[in-house]
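Observations on the three-dimensional arrangement
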Amino acid sequence: DAKTTQPNSMESNEEEPVHLPCNHSTISGTDYIHWYRQLPSQGPEYVIHGLTSNVNNRMASLAIAEDRKSSTLILHRATLRDAAVYYCILKVTGNQFYFGTGTSLTVIP
Amino acid sequence: GAGVSQTPSNKVTEKGKYVELRCDPISGHTALYWYRQSLGQGPEFLIYFQGTGAADDSGLPNDRFFAVRPEGSVSTLKIQRTERGDSAVYLCASSAGGGRSSETQYFGPGTRLLVL
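Residues numbered from 1 in each chain as written. Chains lettered and ligands numbered in written order. Predicted model: local features only at pLDDT ≥ 70, side-chain atom pairs only at ≥ 80, totals over all residues. Heavy atoms only, no water.

1. Here we look at the overall build of chain A
- Looking only at helices and strands, one finds zero helices and ten strands in chain A.
- Helices and strands in chain A line up, N terminus first, as β-β-β-β-β-β-β-β-β-β.
- Computed over the C-alpha atoms, the radius of gyration of chain A is 13 Å, within 12% of the 13 Å expected from 2.2 N^0.38 for a compact globule of 109 residues.
- Considered along the principal axes of its C-alpha atoms, chain A spans approximately 40 × 30 × 20 Å. (Helix = DSSP H or I, 4+ residues; strand = E, 2+ residues; numbered from the N terminus. Rg over C-alpha atoms; globule rule 2.2 N^0.38 Å.)

Here it is as structure tokens:
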């Protein structure tokens, strides 16, 4: 089973960078790493995804280890609106996402 | 454009009753997914449709759960003889289709089901 391991919770001060780690030691060679976040009482929202190279978009950056067994989601300047549960996801058999329990991020003003 | 919508947003029912939950995917998306999320947990996969057919229903917990997508667009998740343990948020997602590992799924806001 391709699964992910994340810390249960993290805190960050507002306007500081946040590094959210994820371990996925059983990842297959062609599996993309997806990150979603879920704000309270909302459905999950796409953040970023990547295969091997580091990726950047307007929301975040994704740093992928050379052996692909871990990755880090980087929020460059945390805002209060970034407080959410962040999920590191692999696509397992078929087309289903495996979510795990995610990391609950608290942003301190 | 319009995102994934789900109705109702909240549903309260009594143990033993039948419920239907509806999902309207993004227009043109051929793939549709149902997930279930219990309190404090991440979403868990239930079923995946490619077009009208259920391509993977391995996540359905038992035969009380059934889902359809007759015209390849709107989907309905049906739960018979509801039990208190079915109380959860039921999430629907859609994607463009094709099944690639890189494909992004777009989620609706969910239906909160409470079985009394």
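Having seen the model, we can carry on.
2. As for the interface of chain A and chain B
- Each partner contributes to the interface: chain A provides 22 residues, whereas chain B provides 22 residues.
- Together, Lys 91, Asn 95 and Gln 96 of chain A form the three largest contributors to the area buried by chain A at its contact with chain B, with a combined 30%.
- At the boundary of chain A and chain B, one finds zero salt bridges.
- Taken together, the links from chain A to chain B amount to seven residue pairs in polar contact (both at pLDDT 80 or more). (Contact = heavy atoms within 4.5 Å. Buried area = accessible area lost by both parts, 1.4 Å probe. Salt bridge = Lys/Arg side-chain N within 4 Å of Asp/Glu carboxyl O. Polar contact = N/O pair within 3.5 Å; in protein donor to acceptor, adjacent residues only side chain to side chain.)

3. Considerations on the packing of aromatic side chains
Residue and element names in this part refer to chain A.
- Taken as a whole and assessed by the stated rule, the structure comprises twelve aromatic pairs over all chains.
- For the ring pair Tyr 36 and Phe 97, a centre distance of 5.5 Å and an interplane angle of 65° mean the geometry is edge-to-face. Of this pair, Tyr 36 sits in strand S3 (residues 33-38) while Phe 97 sits in strand S9 (residues 97-98), placing them 61 residues apart in sequence. Like Phe 97, Tyr 36 is buried. (Phe/Tyr/Trp six-rings, centres within 6.5 Å; stacked < 30°, edge-to-face > 60°. Buried < 20%, exposed > 50% of the residue type's maximum accessible area, 1.4 Å probe, protein only.)

4. Observations regarding the pairing of strand S9 (residues 88-95) of chain B
Residue and element names in this part refer to chain B.
- Counting buried residues along S9, eight of its eight residues qualify, which places the element largely inside the surrounding structure.
- Of the two faces of S9, the one carrying Ala 88, Tyr 90, Cys 92 and Ser 94 and the one carrying Val 89, Leu 91, Ala 93 and Ser 95 are both buried.
- Relative to S9, strand S4 (residues 31-37) runs antiparallel, the two sharing seven bridges. Within S9, the position partnered with Ala 31 by the bridge is Ser 95.
- Relative to strand S11 (residues 111-115), S9 runs antiparallel, the two being bridged by three bridges. Paired with Tyr 90 across the two strands is Thr 111, which belongs to S11. (Pairing = 2+ DSSP bridges.)

5. Overview of the environment of Arg 37 of chain A
All names here are of chain A.
- Mapped onto the elements of the fold, Arg 37 is located in strand S3.
- For the pair Arg 37 and Val 55, spaced 18 residues apart in the sequence, the C-alpha separation amounts to 17 Å.
- Sequence-distant contacts of Arg 37, that is, excluding residues within four places in its chain, are made with Gly 43, Pro 44, Glu 45, Val 47, Met 59, Arg 81, Asp 82, Ala 84, Val 85 and Tyr 86.
- A polar contact is formed between the side chain of Arg 37 and the side chain of Asp 82, at a distance of 2.8 Å.
- There is a polar contact of 3.1 Å between the side chain of Arg 37 and the side chain of Tyr 86.

6. Here's the deal with the sheet that holds strand S5 (residues 55-56) of chain A
- Taken together, the four strands give an open sheet; going across it, the order is S2-S7-S6-S5 (chain A), and neighbouring strands pair in antiparallel fashion. Strands with a single pairing partner mark the edges of an open sheet, and in this sheet they are strand S2 (18-23) and S5 of chain A.

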